[in-house]
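# Inside the fold
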Amino acid sequence: MEQIKWVNEAWEKVHEKVTRTSIRIGARFPHASVDGAYVLEAPHWWTAGFWPGLLWLLYRDPESRDERFKDIAEACEKQLDDVLIGYDQLDHDMGFMWSLTSVARYKLFGEEQSRKRALLAASVLSGRFNVKGNYIRAWNPWGEGDRNEGWAIIDCMMNLPLLYWASETTGDPRFKHLAMEHADTVLAHFIRTDGSVNHIVIFDPQTGEFESVNGGQGYAPNSAWSRGASWAICGMALSYRYTGEIRYLEAAKRVSHFFMANLPEDSVPHWDFRLPPGVERYRDTSAGACAACGLLEIARSVSEEEAALYQKAADSILRSLYENYGAWDNQEEEGLILHGTSHYPERRNVDVPLIYGDYFFVEGLARLKGNSDTFW
Ligand code: GLY
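The structure reproduced in this document is the subject of the present report. Because the structure is a prediction, the values reported are computed rather than measured. (Residues numbered from 1 in each chain as written. Predicted model: local features only at pLDDT ≥ 70, side-chain atom pairs only at ≥ 80, totals over all residues. Heavy atoms only, no water.)

Here we take up the pattern of salt bridges. Within this structure, the stated rule accounts for 25 salt bridges. The shortest N-O distance in the salt bridge between Glu 77 and Arg 117 comes to 2.9 Å. Of the two residues, Glu 77 is situated in helix H3 (residues 67–86) and Arg 117 in helix H5 (residues 112–126); the sequence distance between them amounts to 40 residues. Among the charged side chains, a network of salt bridges with common partners joins Lys 70, Glu 74, Glu 77, Lys 78, Asp 81, Arg 105, Glu 111 and Arg 117. (Salt bridge = Lys/Arg side-chain N within 4 Å of Asp/Glu carboxyl O. Helix = DSSP H or I, 4+ residues; strand = E, 2+ residues; numbered from the N terminus.)

So, on to the environment of Glu 346. Secondary-structure assignment places Glu 346 in the loop between strand S8 (340–343) and strand S9 (348–352). In this structure the C-alpha to C-alpha distance between Glu 346 and Gln 217, which are 129 residues apart in sequence, comes to 8.1 Å. Looking at Glu 346, its side chain comes within polar contact range of the side chain of Arg 348, at 2.5 Å. (Polar contact = N/O pair within 3.5 Å; in protein donor to acceptor, adjacent residues only side chain to side chain.)

With that settled, consider the site of the ligand. Residues in contact with the ligand, as listed here, are Trp 46, Asp 155, Gln 217, Trp 225, Arg 227 and Trp 231. At 2.8 Å from an oxygen atom of the ligand is found a side-chain nitrogen or oxygen belonging to Gln 217. Here Trp 231 contributes a side-chain N or O atom positioned 3.0 Å from an oxygen atom of the ligand. Out of a free accessible area of 190 Å², the ligand has 94% covered by protein chains. Of the residues belonging to the shell around the ligand, the class tally is three nonpolar, one polar and two charged. (Near = heavy atom within 4 Å. Areas by Shrake-Rupley, 256 points an atom, 1.4 Å probe, with all protein chains shown as cover. Nonpolar A, V, L, I, M, F, W, Y, C, P; charged D, E, K, R; others polar.)

Time to look at the sheet that holds strand S6 (residues 200–203). The strand order across the open sheet formed by three strands is S5-S6-S7, and the pairing between neighbours is antiparallel. What marks the edges here is a single partner per strand, and that holds for strand S5 (151–153) and strand S7 (210–214). When strand polarity is set aside, the average angle formed by the axes of neighbouring strands in this sheet is 25 degrees. Strand direction decides the pairing type here: S5 and S6, joined by three bridges, are antiparallel. Bridge assignment links Ile 153 to a residue of S6, and that residue is Ile 200. (Pairing = 2+ DSSP bridges. Axes fitted to C-alpha atoms, helices over the stretch in contact; angles between N-to-C directions.)

Right, dumping it as structure tokens:
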């Protein structure tokens, strides 16, 4: 009862704030909130799905249904068409972008145009699969002379649901086969024995041989980037939901045990769990919010007795985000949840609200309210 009370209260505050911020933001693409206002990105940026996804979560709930949210989410989805057809700016993050826009709309309304968009995105994403190394290639040569054909990253676990969904929807297992090959590569090369994870693993793109590990957005190659762990928890748990393969559930549990064991007193992770003395220990609320959704996904996949551990950890992360990190009464702040860290090594968007932190916080609340259907 006590839990329902704070969750409902948090939902109301989210609804109230988004009703206000959606007037300025409209059908555009917020990423990080700087000095109180969300900075808008171009539609091709990997975060483009989170704002429409958050609006769909609110729209789906009868208590916060607002036709304006639907209109904005649909207008965002439409703007992604040029990105999809334009091709050049597409990378591995098509799942983040089209699961929370087109798949969401298809799941809610059976919208035919959305189904086609999401299947096209799944097809292009499949084309990034390297058959020698069994991985979905990350990024593109964005900078002059960049060679990253052999790079794979842990974040891509959250792009696999688009492929699982494509197989489920079409009855054609090809998409799922590729997703599972990639997930198995992650089991072999990303998830360490102690449950921490690598961010970037580099393969020889010609032979598929493992070459090296790169620290990426973590502090160092052998440190433990907390959002990377949250992508692994959530992505592996969703891989289990779609495939029923127990190895993915076990991997989600292993990473979550590492994650839970390393949480500080207030249950909200630092940006990296393995920092040497002297390095700033900023929080990353987005890692907490995403991991909480993954923990709740694990909880629904195991026996009631076993679920208690994961449910309790998710509750305390989300409740702490609400009570200690929420910007509820600050009219000058558009973000919902403060203190996210996007990219510490490049000092980009450090200690600010992030749209994916906001999204996963709201998805977590929706799950606590009893709706564990996902757009993923
Ligand atoms: N997918 C990029 C990040 O987690 O920041």
